[in-house]
Amino acid sequence: MLILIVLSTVLASAYIYWTYVKYITGWHLLKKIPGPFTYWVFGNVPQLGLKPEDQMRAICRWAQEYEHDVVRMYGGAQPYIMITNPKAMEQVLSSNVLTYKYDPYRFFYPWLGQGLLTSNGKHWLNHRKMITPSFHFSILQDFLKIMNETTDRFMDLLDGYANKKEMFDFQEIVTRSTIDVICEAAMGTPVNAIQGPTSPIVPAISEICDVMRQRIFSALNRFDFLFVWTEAYQRQEKALAILRTELSNIIDKRRAILQELNREQLKRDDDGKRSKMAFLDNLLTAEVDGMPLTFQDIFEEVSTFVFEGHDTTASAVGFAVYCLSRHPDIQARAFQEQHDIFGNDLRRSPTFQELGEMKYLELVIKETLRLFPSVPFIVRTLLEQTEIGGYQIPVGASIGCSIITLGTNPNIFSEPYLFKPERFKDRNATNPYDYVPFSAGPRNCIGQKFAMMELKVTISKIIRHFNILPAVDGLSTGIHNLGDPNNKITNPYDARLGFFLTLKSVNGLNIRLSRRSY
Ligand code: HEM
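Just so you know, these numbers come straight off a predicted model, no measurement behind them.

Asker: Can you walk me through helix α19 (residues 359-371) in this structure?
Answerer: Given 3.6 residues to a turn, an α-helix orients residues that are three or four positions apart in the same direction. Helix length check: α19, at 13 residues, gives a terminal C-alpha distance of 19 Å against a target of 18 Å (1.5 Å per residue), a fit within 8%. The element α19 is extensively covered by neighbouring structure, given that 10 of its 13 residues are classed as buried. Within the sequence span of α19, burial applies to Tyr 360, Leu 361, Leu 363, Val 364, Ile 365, Glu 367, Thr 368, Leu 369, Arg 370 and Leu 371. Those residues of α19 that are buried lie in contact with α16 (295-326), α17 (328-342), α20 (403-407) and α21 (448-465).

Asker: Any chance you could explain the confidence of the model for the protein here in plain terms?
Answerer: Low-confidence regions, as indicated by low pLDDT, have predicted coordinates that should not be scrutinised in detail. The share of residues in the protein with pLDDT of 70 or more is 93%, and the mean pLDDT across the chain is 90. Note on residues 270-276: pLDDT is under 50 here. Beyond four places in sequence and across chains, it has 12 contacts. Across the assembled chains, the prediction reports ipTM 0.99 with pTM 0.92.

Asker: Would you take a moment to explain the nonpolar core for this structure?
Answerer: A general feature of soluble globular proteins is that nonpolar side chains tend to end up buried together. Residues Phe 108, Trp 111, Leu 158, Phe 170, Val 302 and Ile 462 are the most contacted members of the largest nonpolar core, which totals 156 residues. When residues in this core are grouped by element, the largest group, 15 residues, is from α16. Leu 158 has contacts with Phe 168, Phe 170, Ile 173, Ile 462, Phe 466 and Leu 513, leaving out every residue within four places of it along the chain.

Asker: What exactly am I supposed to notice about the sheet that holds strand β6 (residues 377-381) here?
Answerer: Where strands meet in a sheet, backbone hydrogen bonds hold them as pairs that are either parallel or antiparallel. Strands sit in the order β1-β2-β9-β6 across an open sheet of 4 strands; the sheet is mixed. On the outer flanks of this sheet lie β1 (70-75) and β6, each paired with one strand and no other. Averaged over all pairs of adjacent strands, the angle between their axes in this sheet comes to 30°, without regard to strand direction. Where β1 and strand β2 (residues 78-83) come together, 6 bridges link them in antiparallel fashion.

Asker: Please explain the pairing of strand β9 (residues 398-402) as it appears in this structure.
Answerer: Every regular strand shows the same layout, with side chains that alternate between the two sheet faces. Counted residue by residue, β9 has 5 buried out of 5 residues, so it is predominantly covered. Judged from the 4 bridges that link them, β2 and β9 form a sheet pairing that is parallel. For Tyr 80, the partnering residue across the bridge sits in β9 and is Ser 398. As paired strands, β6 and β9 are joined by 5 bridges and run antiparallel to one another. Residue Arg 380 lies in a different strand from β9, and its bridge partner there is Ile 399.

Rules used in this analysis
Residues numbered from 1 in each chain as written. Predicted model: local features only at pLDDT ≥ 70, side-chain atom pairs only at ≥ 80, totals over all residues. Heavy atoms only, no water. Helix = DSSP H or I, 4+ residues; strand = E, 2+ residues; numbered from the N terminus. Expected span 1.5 Å × (residues − 1). Buried < 20%, exposed > 50% of the residue type's maximum accessible area, 1.4 Å probe, protein only. Contact = heavy atoms within 4.5 Å. pLDDT = per-residue confidence, 0-100. Core = buried A, V, L, I, M, F, W, Y, C linked by side-chain atoms within 4.5 Å. Pairing = 2+ DSSP bridges. Axes fitted to C-alpha atoms, helices over the stretch in contact; angles between N-to-C directions.

Quick look at the structure:
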């Protein structure tokens, strides 16, 4: 008991001293930046609250209160400078120097390690160069086959919901389709999440994502030395062990096949089998500084793609379907476009060229990502004092690029809370940093084209198979100004946004489906 008391006292004193040092460091610079009142030790956590929904509201409120400019806030002792205007976004995202990631990306290290999303410096640059060819135009065409086959199975699953004619939570099930697509694209192995979790990989991924989410928002589990004593840590280790074993089996099998083929054969082999494995093959045959990748390297890159590639696309498909359910006129236009492309053969899988013809659907997706960006915030940590948005920001501060409040900045988008896909029709001439759902600059989303393809394939099939209906008749648009303290969401079916690594609705995305008849 005495040992526990001494230990707690030492830890508490160390924490208080650490926050004191942090507050002092750069304090004179930080206090010049506008921001809400800050509590010592707790920073702005008392105003942010502990629930993802409250945190999202507080951030949106501050963005508006400080006129979509630069806002200083603290998570405990860690200073976060939120930027939400295009000029500051451009300065940060276009920079080759301000690329360093640490907090909160360090919570992903146990799984993603030095994968592309979380690594820095030379390692990141080398891997970025090595992986870029995996998203070459010709390889993307090969991924289309996987997307088409998977979404056909997803339509069968949705058919069951349409038969029941009842409201259901679309957010809950859409991940099954996106996880199937990304696992097959990244590992060349189907995991059949749509049919039910037949592979242990699927529950292991859900488990590990769940632990990472909880950790980011936990005041205590943020610290490694406390986290290792928790039950969440045990769950994380168990899930990691499963993923390592499964992936190691997949890699061994594929390595054996590759050894039988020489590289030239591999390039010529066009029977679909090789192309389905493009990403893994690329990693298995790649060299960095003349050395092949280790198992750990491959594990981390494949995991990064599985992580980045499933929750993000699930969020985007989910919110697009939600918006279409609340805007029947826009849904009718999107359906008309599909009819114009496919004629009466409305159940056929799209070709690569037909995806390019889906111009209106593309506007719908862009508008969805403006209001509901799958990745609402991205963060960079400063390695040296830097001037951003007219303020000197000290070393060690985190810069939070708030993609979600950039999308509702009224200086950029008029009537920001209206769902108007047409607004993107003539936007080519405007500043590219006005709208960055896939980030921008050197660390932008490498899977952007893959994602747009998957979104188009999935949503186009849903629109052609079903009428998407709101949870109950007569609902409004379901889009709320979260920054307005007077805006209360009283309708139980309207999405209540929360940050769960990706953007999600706390109360689900409830819709109904009815099968279209031709
Ligand atoms: C709607 C879907 C998607 C959205 C909105 C999205 C958005 C983003 C954003 C905002 C970033 C920057 C993150 C940061 O700097 O912290 C990012 C990075 C990344 N994304 Fe995506 N993403 C999507 C889908 C995908 C897919 C399908 C893949 C893989 C197939 C992917 C792979 C990656 C990777 C590897 C990075 C890290 C790139 C780097 O740091 O060099 N993403 N994504």
